[in-house]
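# Fold and contact review
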Amino acid sequence: MKELPVRQERLEFNKLQKRLRRLVGTAIVDYNMIEEGDKVMVCLSGGKDSYTMLDILLSLQKTAPIDFEIVAVNMDQKQPGFPEHVLPAYLTSLGVPFHIIEKDTYSIVKEIIPEGKTTCGLCSRLRRGTLYDFAAEIGATKVALGHHRDDIIETLFLNMFYGGKLKAMPPKLLADDKRNVLIRPLAYCSEADIIEFAVLKGFPIIPCNLCGSQENLQRQVIKDMLNTWEKQYPGRTETLFSAIKNVSPSQLADTTLFNFTDLHAEKNAAPQTETDTCASVETFIPNPGVVQFLDASDIL
């Protein structure tokens, strides 16, 4: 009888792992994230998201019908107390090729940003620039970042509330330097699933001592708002993400996306019938290309 809980936990873990594999595989196919011969630089921070991304990509690499290379890269920003041995030991145990970039951006951030102010913006810019340069140096064709579905939605609201822009994080992006293509394989995955997966896998999580302890960050305010909505209206987060994928420029107000100036009524247009005004219902058919990155068992 004592084996029953263990067996049940293993079953739940397998279901969770298959769900994450399926969602990552779907995102890869939907956005053509990884192609034959790609060298994917997986940016590993030591947090739950990047650990999960690396784990799932490694598992998909074994069954994918195309050949692609994975190299893990971590940037040691010289934060006080940073456990330098953790990631090298973990990656060595996996047998994954990796690089550790050492650059003291911590001192730069602390020198420029006044005490008590948010350091995340400058920290990310410095880290991003260094990683982009290194990707070009090692010949990486794709740079994989660990942002998940909740990050993307939070960014949407951050840009709306604080930046006045209808803008989020795309699953695939050509970087500003035009040299790097960024991919977010976890774009369809929920943070809740990633947290559970990280706990069950026992990843050696490294906390961020530079900005992780800062309170009242704008992103945390948005996260709390979305969590409250999700508790009150389960499924709202998924609906919000669907909205990001279903944009109607003619129903917004950006004159660069839709030609409102030349919009005129059609004199000979036929009146709509009752049938025309009814919303059509389409049956969802999974993208057959997803099978390229999944085992048959992952689709169940």
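Further up the page is the structure itself.
Overview of the structure. This is a predicted model, so every value here is computed, not measured.

With that settled, the discussion passes to the packing of aromatic side chains. This structure, assessed with the given rule, holds 10 aromatic pairs. The interplanar angle of 85 degrees and the centroid separation of 5.1 Å between the aromatic rings of Y51 and Y90 together place this pair among those described as edge-to-face. With Y51 in helix α2 (residues 48-63) and Y90 in helix α3 (residues 86-94), this residue pair connects regions lying 39 residues apart in the sequence. Positioned above the aromatic ring of W229, the side-chain terminus of R236 is 5.2 Å from the ring centre.

A separate point is the side chain of D38. By secondary structure assignment, the location of D38 is in the loop between α1 (3-30) and β1 (39-43). Here D38 falls in the buried class, since its relative accessible area comes to 7%. Here E35 takes part through its backbone nitrogen, which lies 2.7 Å from a polar atom of the side chain of D38. A polar contact of 2.7 Å, which involves the side chain of D38, links it to the side chain of K142. When neighbours within four sequence positions are excluded, D38 is seen to be in contact with M33, D67, F68, E69, T141 and K142.

Ordered by their spatial adjacency, 6 strands build an open sheet running β3-β2-β1-β4-β6-β5, and the pairing between neighbours is mixed. Either end of the sheet is taken by a strand with one partner, and the two such strands are β3 (98-102) and β5 (172-174). Between one strand axis and the next, the sheet turns through 25 degrees on average, direction left out of account. Across the sheet, α3 touches β2 (69-76) and β3, and the angle it forms with β3 is around 170 degrees.

By the definition in use, this model includes 12 salt bridges. For D177, the salt bridge goes to R179, with nearest N and O atoms at 3.5 Å. By relative accessible area, D177 is classed as partly exposed at 26%. Its relative accessible area of 47% is what places R179 among the partly exposed residues. Through salt bridges with shared partners, a single ionic network connects K48, D49, E154, E191, R219 and K223.

Before going further, it helps to examine the nonpolar core. Within the largest apolar cluster, 51 residues are counted, with the highest numbers of intra-cluster contacts made by V24, I34, V42, L57 and F157. L57 has contacts with V24, I28, I34, V42, F68, I70, A144 and P185, leaving out every residue within four places of it along the chain. In this structure, M41, F134, V143 and L145 belong to the second largest nonpolar core, which totals 16 residues.

The rules behind the values
Residues numbered from 1 in each chain as written. Predicted model: local features only at pLDDT ≥ 70, side-chain atom pairs only at ≥ 80, totals over all residues. Heavy atoms only, no water. Phe/Tyr/Trp six-rings, centres within 6.5 Å; stacked < 30°, edge-to-face > 60°. Helix = DSSP H or I, 4+ residues; strand = E, 2+ residues; numbered from the N terminus. Lys NZ or Arg CZ within 6 Å of the ring centre and 35° of its normal. Buried < 20%, exposed > 50% of the residue type's maximum accessible area, 1.4 Å probe, protein only. Polar contact = N/O pair within 3.5 Å; in protein donor to acceptor, adjacent residues only side chain to side chain. Contact = heavy atoms within 4.5 Å. Pairing = 2+ DSSP bridges. Axes fitted to C-alpha atoms, helices over the stretch in contact; angles between N-to-C directions. Salt bridge = Lys/Arg side-chain N within 4 Å of Asp/Glu carboxyl O. Core = buried A, V, L, I, M, F, W, Y, C linked by side-chain atoms within 4.5 Å.

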